[in-house]
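# Close look at the chain arrangement
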Amino acid sequence: MWGICVKLSWRWILEFLQTDLTPQEAAERLINGGVEVESVVRLAPDMAGVVVGLVEAIERDLGEHRGHHVVLARVSTGRERFSVVCGAPNCLPGVRAAFAPPGATLPGNRKIEVAKIRGVESQGMLCSEQELGLGEDHERGILAVGKDAPLGADLPAHLGLDDWVLEVEITPNRPDCLSVVGIAREIAALTGAKFQYPSITVTEGPEDARALARVRIDDPALCPRYAARVILGVRVAPSPHWMAARLLAVGLRSISNVVDVTNYVLWELGHPLHAFDYDTVEEHTIVVRRARAGEHVTTLDGEDRALGEAMLVIADPRRAIAVAGVMGGANTEVADSTATVLLESACFQPGSIRRTARDLGLKTDAAYRFERGADIEGLRDSLDRAAQLIADVTGGVIARGVVDAYPAPRRRPLVRLRMSRIRRIIGVSPPVEEVARILEGLRLPARREAEALEVEVPSFRRDIAIEDDLVEEVIRVWGYDRIPSTLPGGVLHPATRPPALEQADAVRRALVAAGLSEAITYSFADPATEAALGLARPTAEPLRLLNPLGQEASILRSDLVSGLLETIALNVRRQQPNVRIFEVGKHYARAGGAPAESRWLGIALTGARADLAWYAPRAPVDAFDAKGLAEHVLAVLGVREPAIDTAGDGPAYFERARWARLAAGGTTVATFGEIALPVREAFGIPSPVFVATIPLDVVAQIGAEPVRFVPVPRHPSVQRDIAFVIPVSVPAAQVEDAIHGAGGPLLRGVTLFDLYTGEGVETGTRSLAWRLTFRAGDRTLTDAEVNDTHARVVEAVRQRFGAAVRGA
Amino acid sequence: MADPRIDRLRAAAAEDLERATTSADLEAVRVKYLGRQAEITQLLRSLGSLPAADRPEVGRQANELKVEIDAGVTEKLAAARVEERRRELERAKPDLTLPGRRPPLGTLHPLTRVHDEIVRIFMGLGFAVAEGPEVESDYNNFEALNIPRDHPARDMQDTFYLSDDTLLRTHTSPVQVRTMKAQRPPVRIICPGKVYRRDADITHSPMFHQVEGLAVDRDISMGDLKGTLELFAREMFGARSKIRFRPSFFPFTEPSAEVDVVCFLCGGSGCRVCKSGWLEILGSGMVHPQVLRNVGYDPEEVTGWAFGMGVERIAMLKYGIDDIRLFFENDLRFLGQFA
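Residues numbered from 1 in each chain as written. Chains lettered and ligands numbered in written order. Predicted model: local features only at pLDDT ≥ 70, side-chain atom pairs only at ≥ 80, totals over all residues. Heavy atoms only, no water.

### Remarks on the pattern of salt bridges
Any two side chains of opposite charge can pair, so long as their charged atoms come close to each other. Applying the stated criterion across every chain yields a total of 87 salt bridges over all chains. Where A:Asp218 meets A:Arg216, a salt bridge forms, and the shortest distance between an N and an O atom there is 3.0 Å. Assessed through its relative accessible area of 40%, A:Asp218 is described here as partly exposed. B:Glu27 is the partner of B:Arg30 in a salt bridge, and the nearest nitrogen-oxygen pair spans 3.7 Å. With B:Arg30 and B:Glu27 both in helix H2 (residues 23–34) and 3 residues apart, this pair spans about one turn of that helix. Take B:Arg30: its relative accessible area is 23%, and that puts it in the partly exposed class. (Salt bridge = Lys/Arg side-chain N within 4 Å of Asp/Glu carboxyl O. Buried < 20%, exposed > 50% of the residue type's maximum accessible area, 1.4 Å probe, protein only. Helix = DSSP H or I, 4+ residues; strand = E, 2+ residues; numbered from the N terminus.)

Structure representation (structure tokens):
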């Protein structure tokens, strides 16, 4: 989900916890207590019967077999001897190695039986790392173990692999759970098991640490505490087997005994430590300060890092030797030659560490913990524990005392928890005695005051600051399943929706009913695509993302059309040539400096008007489909008879001769047309595409007129059909306007029902036929009245457009 | 006394009616006995030539006969028409196995369907719908919600920035902030809308949809949150749905809870999708006192809870969709499944 997963060994946890729970049960309890356990995995791969065997002697050389030199070896498990065919280069007398006798099972349910290889009977198998599922290595040969490994011992147990690993994911408020001890403490609080904090003792030598090293904090706001110990006479070497194995189990690579101890203690107690080679620290003096202008340091990963002046560094009097809380410097790194170690255990301001790690692009285990908050008091335990371990594994001697710069020791905050507050927040409260018990289990010392508890917050619980934090702690342990199920009371108010959502809903319903499919496309767009669509506008610039996922999604779209065209292209590519889609979504722009969002409807059509069927005419969609759908939506939104306007320039993505706008009260309420050929070809769409767009905010402002009842006509109407032959240059809408104008109040309906060019109609003209409906509100019209009005209409159209009445 | 002509005509008409089978025959009968030239019509016209005493009786009988014949013809005619229409259709019987003329079938996007369902449920519970901009200030999206700069909680929501303090909202919570700033308690709203996080794989989309809910009032508890979400789960996932609360962490709620619903695929026994028998569907909690203070409310006076769910997640669970990217590809073969 977020952050990193920490792997913790169950055996390690059990060093601090007395419980009969299985790791699975403990994980379940942790999950229900708010600590996410991603998985509980057995450390050893699934094998049975694999033991430590000793190659006693090579009995025979069997020659080459499948590219390997094969021998017959005599293998002893202490109680029995086996003759085993083996081709590994390291199969030598005296080697103790992983041995699977007949009857053993290897990972992948591979059963080992007596087999014949090159005609020789092999009683079992000496196994490589790869064959045991413990690693990739096969070429180096059989998995050898130490000379001290007891013969016949169960191999996974010997390797410390009979263990479970809990993969734990911690919410940002619980850095205290990022360790073995932290999780042990948490399990104890949640289950009532007994938790044993490690007993940490230090055996110190005669030399005084304060005489050996000095610490100066120049910026106590960013480093409230810095403690150090000195360990003398260390011998840097590989770690002992037990420590390396344990680190490996939790996913850490063994480096050297000194470095491994710092990691070991980090995992065990949760506090990041750093070991310097004491002799490389100038004047044996640590200075904690901000980086200087232009300062550089080479970090342990070998990278040269340019530091910013806001960054905190650990320095000696001459130079930076570490990026504080993030990564150590190469100049003071512990090496094979190191004889004296200066061990740091410090606390840094979380925000500063976070900014530094981010600015350097360095994600480290240390930074991850410091940016969540370290335990300013517990850091002494970590220092002592690590110092003692270093002394133990390196043969060194710990100098007496701690160099501890802690200018303003933390005061333990008190937080009051009222039972009434628990009831108020949760709806119910456990009795105060139980609350006290729960807090005790969480190691939160509390003093009872009637129906409240005064809680002293320990330094490892930085997340607890207010009363409600304690409410959560109590209820989380008590059990969220015990929260009652009730419904809120109070006054009910009518549930309303913003008009914009009502409008969008009406639009969607209308278009779905008309057979279109709704699409939802990303708000992101490619600036190159938008430029190709000619969407660059002088008045508005696109909204650019500072950190886009890619160039193709680096701005917010300024028009729905790019997403709609992409959708058409995808469907056409996937053998669906007929696409009728719409989207209700936003256009984004910067207008007058401020980001602006406006709601739009986009409709896009391509291919056939209707899906293939025996009854359906095979006609492709055209601009009138786009126009009609726009008119349909506008009608639903209360804009009944928009005016058509073909003047001026439209959006650049339309063919110049195939677009128009619809207007109401002088405002554009829709634009429709055919997508320009190069535009659609750039999208890879082979068939013409027709698009209509409607600015929904604009239409909402115009607003539907409230519905007023008009009486249903009581008198009959009279219908007359008339066909005019008119030059094709005359727009039909103009003729219709003229008809309306001439018809007067008796003319109630004008419907164009036929359009004809061809035989019988002169080239350059066309025949347009209208049905005219005449009616009066208060009487039945006489033939004379109808004839009169009709004649006026005919005369007007004739005179104005030079039209001839067809068939007249 | 009866006119002998009337008895004769009655007998003749009965016979003709009996013989007539088609509607044409019947129309002919009607003309023969009731038309202008019919004998009864003649008879009635000639009443004047009868003795005055006979006139009323003969007139009455003639009229009675007319009514009788008319009724007989009408009745038989109705039956004959039905029969004739049936025979005509039998002769030109259409092949009704041909596909019907279907109007084109449009579809709402599955996210719209699920969104509408969620909104409908909460509107039914008295929640008003509130909206806000997608391009937001860092303050409304984070700081007002108790997520300061340089707080690790910002890792939970990897953010697209437009400038140092302008971003694409990572949740619809800024709408809660805006609403609370503009309105005194009680507040009961849901905030649906697009949100953005810098994350892309088969279960994460850089753009997705959320519905968040907020209730603030004098006495409102986590118990009320649980009850409300139980009601929601039953409406959304079926009457036998159960939910569970798990402790979690969100900077803007305290206490916080993840909410799981019993897997409706396996009924809670554990399957390929849920693994544990539970499906995580939303995050929730009691509004953090600092958030209440940030909008000018007094946390000692009012309490509140909030929840938030991903529409895509609910839709994926509900329809068994395994790749979030399908929602934004808009393949018609995908969209067409949600008619």
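What follows continues from the structure just given.
### Some points on the nonpolar core
Of all hydrophobic cores here, the largest spans 213 residues; its most connected members are A:Tyr226, A:Ile286, A:Ile314 and B:Phe245. Residue contributions to this core peak at 8 residues, all from helix H4 (residues 180–191) of chain A. Ignoring anything within four residues of it in the chain, the contact list for A:Ile286 reads A:Arg214, A:Val215, A:Arg216, A:Tyr226, A:Phe276, A:Val281, A:Ile314, A:Ala315, A:Ile321 and A:Leu342. Of all hydrophobic cores here, the second largest spans 31 residues; its members include A:Ala504, A:Leu601, A:Ala623 and A:Leu637. (Core = buried A, V, L, I, M, F, W, Y, C linked by side-chain atoms within 4.5 Å. Contact = heavy atoms within 4.5 Å.)

### Focus: the sheet that holds strand S24 (residues 320–323) of chain A
All names here are of chain A. As summarised here, the arrangement of the 5 strands in space is S17-S20-S23-S24-S25, forming an open sheet in which the pairing is mixed. Of all strands in the sheet, those with a lone pairing partner are strand S17 (214–217) and strand S25 (327–328), marking the two edges. Two elements, strand S20 (residues 285–290) and strand S23 (residues 312–315), share 4 bridges in a ladder whose sense is antiparallel. By the bridge assignment, Arg-289 is partnered in S23 with Val-313. (Pairing = 2+ DSSP bridges.)

### Looking at the sheet that holds strand S43 (residues 747–756) of chain A
Sheet strands pair by backbone hydrogen bonding; their relative direction is either parallel or antiparallel. All names here are of chain A. Taken in spatial order, the 4 strands of this open sheet run S43-S44-S42-S45, and their pairing is antiparallel. Edge positions in the sheet fall to S43 and strand S45 (804–805), since each of these pairs with one other strand and no more. Looking at chain direction, strand S42 (residues 718–727) and strand S44 (residues 765–774) are connected through 10 bridges and run antiparallel. Following the sheet pairing, Val-718 is matched in S44 by Phe-774.

### Considerations on the state of the cysteines
All names here are of chain A. Applying the stated rule across the entire model yields 0 disulfides over all chains. Among the cysteines around Cys-347, which has no disulfide bond, Cys-223 carries the closest sulfur, lying 7.5 Å off. Classification of Cys-347 as buried rests on a relative accessible area of 5%. (Disulfide = S-S within 2.5 Å.)

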